[in-house]
Amino acid sequence: MKAIKPTLPSFSKLPKTYEALCRLHLPRTLHDEIELDAVTEIMDHMAGHALNKDQADYLETLAELAEAYESANYEALPTLPPHEFLAAHLENIGMTATEWGKLIGIDRSTASRLLRGERRFNTAHVRKTAEVLGLEASLLI
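Residues numbered from 1 in each chain as written. Predicted model: local features only at pLDDT ≥ 70, side-chain atom pairs only at ≥ 80, totals over all residues. Heavy atoms only, no water.

### Description of helix α2 (residues 33–46)
Relative to the 20 Å expected for 14 residues at 1.5 Å per residue, α2 spans 20 Å between its end C-alpha atoms, a close match to the ideal helical length. Here α2 has its buried residues at Glu35, Leu36, Ala38, Val39, Ile42, Met43 and Met46. Taken around the axis of α2, the buried residues stretch over an arc of 160°, which confines them to a single face. Contacts from the buried residues of α2 go to α3 (53–73). Here α2 starts with a cap whose side-chain oxygen sits 3.1 Å from the backbone nitrogen of isoleucine 34, and that cap is aspartate 32. Glycine 48 sits one or two residues past α2 and shows a positive phi near 85°. (Helix = DSSP H or I, 4+ residues; strand = E, 2+ residues; numbered from the N terminus. Expected span 1.5 Å × (residues − 1). Buried < 20%, exposed > 50% of the residue type's maximum accessible area, 1.4 Å probe, protein only. Arc of directions from axis to C-beta. Contact = heavy atoms within 4.5 Å. Polar contact = N/O pair within 3.5 Å; in protein donor to acceptor, adjacent residues only side chain to side chain.)

As structure tokens, this is what we get:
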């Protein structure tokens, strides 16, 4: 059975109850890329909004279904060392080592050494970086 791409209302008109959200798109095990794309579109549509409990539960259910499909069908990406991950993340968001250093209270040379892997992150670096960049601290350990 092929997934039918849902027609999504604006977020303000999105159903408020779990049951009504299920009528929009019934959560079920994903079998192919088309179904994954449909679920991902709904998740993207809901992400970043203030959700009520039913909406949050529905979004979490879809995320678990997508994660299960991806785990079963895609090879896991290699984990980067913390300094490489952070350097790549900063590049992706257009932030320099100097800007990052200022945000967490370190000088430019220390920031550069940390990002090159010449120094290890300490607890304060991890905590402040996770806080100011909205990252999971575990990515920096």
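### Some points on a negative patch on the surface
Taken together, Glu33, Asp37, Glu60, Glu64, Glu67 and Glu70 make up a surface patch of like negative charges. Elements with a contribution of two residues or more to the negative patch: α2 and α3. At four residues, the largest contribution of residues to the negative patch is made by α3. Structurally, aspartate 37 can be placed in helix α2. The exposure class assigned to aspartate 37 is partly exposed, which follows from its relative accessible area of 48%. (Patch = residues over 30% accessible without salt bridge, like charges linked within 9 Å, V, L, I, M, F, W, Y side chains within 5 Å. Areas by Shrake-Rupley, 256 points an atom, 1.4 Å probe, with all protein chains shown as cover. Salt bridge = Lys/Arg side-chain N within 4 Å of Asp/Glu carboxyl O. Lys, Arg positive; Asp, Glu negative; His and termini not counted. Charge placed at Lys NZ, Arg CZ, Asp CG, Glu CD.)

### Description of the confidence of the model for the protein chain
Residue-level pLDDT values for the protein chain average 91, and 95% of them are 70 or greater. Across the protein chain, the secondary-structure element scoring lowest on mean pLDDT is helix α4 (residues 82–93), at 93, and the one scoring highest is α3, at 96. (pLDDT = per-residue confidence, 0-100.)

### Quick look at helix α6 (residues 108–116)
Residues of α6 that are buried include every one of Thr110, Ala111, Leu114 and Leu115, and no others. Projection of α6 onto a plane perpendicular to its axis shows the buried side chains occupying an angular sector of 130°, all on one side. Relative to its buried face, α6 has exposed residues pointing more than 90 degrees away, namely Arg108 and Arg116. Each element contacted by the buried residues of α6 is listed here: α4, α5 (97–104) and α7 (123–133). Backbone geometry just downstream of α6 places glycine 117 in the positive-phi region, at approximately 85°.

### A closer look at the packing of aromatic side chains
What the rule picks out here adds up to three aromatic pairs. Seen from their ring centres, tyrosine 18 and tyrosine 58 are 5.7 Å apart, and the 80° between their planes marks the pair as edge-to-face. A residue pair is termed long-range when its members are at least 10 positions apart, and tyrosine 18 in helix α1 (residues 18–24) and tyrosine 58 in helix α3 qualify at 40 residues. Residue tyrosine 58 is classed as buried on the basis of its relative accessible area of 0%. (Phe/Tyr/Trp six-rings, centres within 6.5 Å; stacked < 30°, edge-to-face > 60°.)

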